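# Close look at the chain arrangement
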Amino acid sequence: MKLRKCIAILLCITVIIGFCACSKGQTGKNEQQLKWWQNTIVYEAYPSSFKDTDGNGYGDIPGITSELDYLASLGVGAIWITPIFASPMKDNGYDVADYYSINPLYGTMEDVETLIEEADKRNIKIVMDLVFNHTSDESEWFKESSSDRNNDKNDWYIWADAREDGSAPNNWRGIFGGSAWTWCEARQQYYLHTFADFQPDLNWENPDVRNSLFDIANFWIDKGVGGFRVDAVTYIKKPDLMLDGVADGTDGLSGIHNMTANTEGILDFLHEFKEKVQDGTDIFVVGEANGVPNEQLEDWCGENGVFDMIFSFDLVNIQFVNGEYWYKTRDFKLSEFKKIIHVFQQGTDDVWVPLFFENHDQPRSINHFLPDCTDKINGAKALATLLMTLRGTPFIYQGEEIGMTNVNRDTIEEYNDISSHNQYKMALENGLDREEALQCVRDYSRDNARSPMQWDMTANSGFTRGRAWLAVADNYLAVNVGSEDNDPNSVLNWYRQLSELRKEHPALIDGSFNELREDSEELFMYIRENKKEKILVVINFTGKQVDFIPDNPGSTELLISSYGDDSGDILRPYEARCYRQQY
Ligand code: NOJ
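Below you will find a few notes about this structure. (Residues numbered from 1 in each chain as written. Predicted model: local features only at pLDDT ≥ 70, side-chain atom pairs only at ≥ 80, totals over all residues. Heavy atoms only, no water.)

### Examining the overall build of the chain
Tallying secondary structure elements over the chain gives 19 helices and 22 strands in all. Its C-alpha radius of gyration of 24 Å places the chain within 12% of the 25 Å reference for a compact globule of 583 residues. Across its three principal directions, the C-alpha atoms of the chain cover 80 × 60 × 50 Å. Across the 583 residues that make up the chain, the buried fraction comes to 59%. Pairs at least 24 residues apart make up 68% of the contacts formed inside the chain by residues separated by at least 6 positions. Working note: accessible area of the chain is about 23400 Å², and carbon and sulfur atoms make up 48% of it. For the chain, the distance from the average site of its 53 positive side-chain charges to the average site of its 95 negative ones is 4 Å. (Helix = DSSP H or I, 4+ residues; strand = E, 2+ residues; numbered from the N terminus. Rg over C-alpha atoms; globule rule 2.2 N^0.38 Å. Buried < 20%, exposed > 50% of the residue type's maximum accessible area, 1.4 Å probe, protein only. Contact = heavy atoms within 4.5 Å. Areas by Shrake-Rupley, 256 points an atom, 1.4 Å probe, with all protein chains shown as cover. Lys, Arg positive; Asp, Glu negative; His and termini not counted. Charge placed at Lys NZ, Arg CZ, Asp CG, Glu CD.)

Here it is in structure tokens:
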């Protein structure tokens, strides 16, 4: 706690110095002193699939420690690690049994302490994933709460009586399919689960629950972590009336997201979280906040908000027609893709945003956003350029930096991910045949992002010397860190160049965003500008050559091109360029 007080005093001094600088007019609104997490790049590691050092087929904490120099070579300042707590692993760690102990598959508490220490030596912070909407049904809290109706944790979860006919209290469908309610014999009541039946939702209305969760977060801050990602946070507040929703599928159920996401009053809980966990520290907190509209960004992340950033899902959901169900998708145009980015870039004067195209729940971005692109290397470089030059903090997901692609499995049985099985079932129920349903899974399965990291050309892509928990993708001989490290034109080295470029040209970090040729279906083009410089970014989002001459060519200097050389007035397929423009 003493350490936290010192940090608080240091922060006050920094704020006062920052204030003086601003009042002397040295910085503009967009260029105020940035916090460390605005100035950095975050890397998301999915521990099961990152690197295995003990041969059990699962990646582990020492595996992450062993690759810190690699991550430092990308300019990464923080590593978000998805949950590593004790867990039965039915949802790969998002079903936590004990937030104070480490899943033995991944290592020990000592391993985590070593990781934090070693990362610190390289100026890298470790960001933990707090799964606070629900626990595992194997958590001691749930075991007690579900044992009868008279125990100390009686109302730590959301319990409700059956309707008169014995059915569930309402018709909500859990995000992983089926009713969001499961019957408990011992209590003769139903409990609510936003996700699977083994992930019972905590009752945040109970102050003891909230304080226990805040204690957990403080325990990890005292261990030295630099931030948190808060899982599924928009669901922590439930509406008072558990009313039926309008059925939106063939099962008569109504997706829970539309009923409970971002319920009025949620910010009161989160202000309390901020006050009891974050205030007085320099950690950053990013919320997984599916369901918060852009107009509310300021309430969540503005000056008096609750988080530093929240993930918005508009872009990754661009192709879904009916909620996030994979069986009904549509094609989209570049202008639609650009519009979504434009909207949230425009609002970033007062809020800061995380930038991401991939995470452990999404398909690989090259397949997701450029499904027709056959030149995967240049396609991946085009997306990388966007990720690293928009306004906000880039979040790189493991493997994205080498251009990993979706994996195509032959049968549904080869998929591990719980939601893939559920979406497959829903696709069949909604009229798709088996092959069509499997194709939806191939396109959107979370396993696409979870196949093991491709380190080199050796067996199992150098991920494990044992049997990998999930099969390695077939293309690892062509796409892997080892080969790309030595190739100046690789996707990996393009990420490194972009990372350097951000350091050399702060306008890419604090500058404003002004889009050009918004209606173009070929180019994504914008200027990042601060008081000192103007950087023009232009990306050809097509597989053909496009004529391009920047305005004022005489005063425009090419900084980098994703092809490594200058082809003058012609942008090659998926080519990305950054220019410096004179005022
Ligand atoms: C969001 C996480 O990113 C996802 O992987 C998980 O399955 C759900 N929340 C439930 O915790």
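### Comments concerning a negative patch on the surface
Judged by side-chain charge, Asp410, Glu413, Glu414 and Asp474 come together as a negatively charged surface patch. Topologically, Glu413 is positioned in the loop between β15 (393–397) and α14 (418–429). By relative accessible area, Glu413 is classed as exposed at 62%. (Patch = residues over 30% accessible without salt bridge, like charges linked within 9 Å, V, L, I, M, F, W, Y side chains within 5 Å. Salt bridge = Lys/Arg side-chain N within 4 Å of Asp/Glu carboxyl O.)

### Digging into the packing of helix α5 (residues 109–121) against helix α7 (residues 207–223)
Interhelical geometry of α5 versus α7 gives an angle of 55 degrees and a closest axis separation of 10 Å. It follows that α5 is oblique to α7 by the angle criterion. Every residue of α7 that contacts α5 at Met109, Val112, Glu113 and Ile116 is listed here: Phe219, Trp220 and Lys223. Grouping the constituent residues of the contact of α5 with α7 by class yields 5 nonpolar, no polar and 2 charged. (Axes fitted to C-alpha atoms, helices over the stretch in contact; angles between N-to-C directions. Parallel < 35°, antiparallel > 145°, perpendicular 65-115°, else oblique. Nonpolar A, V, L, I, M, F, W, Y, C, P; charged D, E, K, R; others polar.)

### Quick word on the site of the ligand
Around the ligand sit Asp91, Tyr94, His134, Phe176, Phe195, Arg229, Asp231, Glu288, His360, Asp361, Arg446 and Arg450, and those are all the residues in its vicinity. Contact between the ligand and Asp91: an oxygen atom at 2.5 Å from a side-chain N or O atom of the residue. His360 places a side-chain nitrogen or oxygen 2.7 Å from an oxygen atom of the ligand. Against a free-state accessible area of 290 Å², the protein chains account for coverage of 98% of the ligand. Partitioning the shell around the ligand into residue classes produces 3 nonpolar, 2 polar and 7 charged. (Near = heavy atom within 4 Å. Polar contact = N/O pair within 3.5 Å; in protein donor to acceptor, adjacent residues only side chain to side chain.)

### Section: the sheet that holds strand β6 (residues 159–160)
Spatially, β6-β9-β8 is the arrangement adopted by the 3 strands of the open sheet, whose pairing is antiparallel. Of all the strands in the sheet, the pair left with one neighbour each is β6 and β8 (181–184). Across 4 bridges, β8 lies against strand β9 (residues 189–192) in antiparallel orientation. Counted as the bridge partner of Cys184 is Gln189 from β9. (Pairing = 2+ DSSP bridges.)

### Let's talk about the nonpolar core
Grouped burial of nonpolar side chains is what soluble globular proteins tend to show. Ranked by internal contacts, the top residues of the largest apolar core, which has 138 residues, are Phe228, Trp300, Phe307 and Phe337. If you look at the next biggest cluster of nonpolar residues, it comprises 15 residues, including Tyr325, Tyr424, Leu438 and Cys440. (Core = buried A, V, L, I, M, F, W, Y, C linked by side-chain atoms within 4.5 Å.)

### Here we look at the packing of aromatic side chains
One pass over the structure, following the stated rule, counts 41 aromatic pairs. Judged by centre distance (5.1 Å) and plane angle (80 degrees), the rings of Phe311 and Phe395 are edge-to-face. Taken together, the residues Phe311 in strand β13 (residues 309–311) and Phe395 in strand β15 connect sequence positions 84 residues apart. You can call Phe395 buried: its relative accessible area is 3%. Taken together, a centroid distance of 5.1 Å and an interplanar angle of 40 degrees make the contact between Phe513 and Tyr526 tilted. Residue Phe513 is found in strand β16 (residues 512–516), and its partner Tyr526 is found in strand β17 (residues 523–529); the two are separated by 13 residues along the sequence. Site record: aromatic cluster; members linked through ring pairs are Phe85, Tyr99, Tyr100, Phe132, Trp141, Trp156, Phe219 and Trp220. (Phe/Tyr/Trp six-rings, centres within 6.5 Å; stacked < 30°, edge-to-face > 60°.)

### Re the pattern of salt bridges
Enumeration over the complete set of coordinates arrives at 36 salt bridges. With a closest N to O distance of 3.8 Å, Arg149 and Asp161 form a salt bridge. Taken together, the residues Arg149 in the loop between α6 (140–145) and β6 and Asp161 in the loop between β6 and β7 (172–173) connect sequence positions 12 residues apart. In this structure Arg149 comes out as partly exposed when scored by relative accessible area, which is 37%. Residue Glu575 is joined to Arg577 by a salt bridge in which the shortest nitrogen-to-oxygen separation is 2.9 Å. With relative accessibility at 0%, the residue Glu575 sits in the buried group. A residue is classified by how much of its surface remains accessible, and Arg577, at 1% relative accessible area, is buried.

### Concerning the packing of helix α13 (residues 376–389) against helix α18 (residues 491–504)
Running from N to C, α13 and α18 cross one another at 20 degrees; their axes reach a closest spacing of 10 Å. With respect to each other, α13 and α18 are oriented roughly parallel. Every pair of crossing elements has a handedness; the one defined by α13 and α18 is right-handed. Each of Ile377, Ala380, Lys381, Ala384, Thr385, Leu387, Met388 and Thr389 in α13 lies in contact with α18, whose residues at this interface are Val491, Trp494, Tyr495, Leu498, Ser499 and Arg502. Residues of the contact of α13 with α18, tallied by class, amount to 9 nonpolar, 3 polar and 2 charged. (Left-handed = near helix turned anticlockwise from the far one by under 90°.)

### Here we look at the environment of Glu138
Locating Glu138 in the fold gives a position in the loop between β5 (125–130) and α6. Taking the C-alpha atoms as reference points, Glu138 and Pro394, separated by 256 residues in sequence, lie 35 Å from one another.

### Examining the pairing of strand β22 (residues 576–581)
Burial analysis of β22 places 5 of its 6 residues in the buried class, which makes it a mostly covered element. Two elements, strand β20 (residues 556–561) and β22, share 5 bridges in a ladder whose sense is antiparallel. In the sheet register, Ser561 faces β22, and the bridge partner there is Arg577.

### Remarks on the sheet that holds β16
In any sheet, the strands associate via hydrogen bonds between backbone groups, in a parallel or an antiparallel arrangement. Reading across the sheet, the 5 strands line up as β16-β17-β18-β22-β20 and stay open at both edges, with antiparallel pairing between neighbours. If you trace the sheet from one side to the other, it starts and ends with β16 and β20, each paired once. Strand-to-strand twist of the sheet, defined as the mean angle between neighbouring strand axes without regard to direction, takes the value 25 degrees. Along the sheet, α18 contacts β20 and β22; its crossing angle with β20, the most-contacted strand, is approximately 140 degrees.

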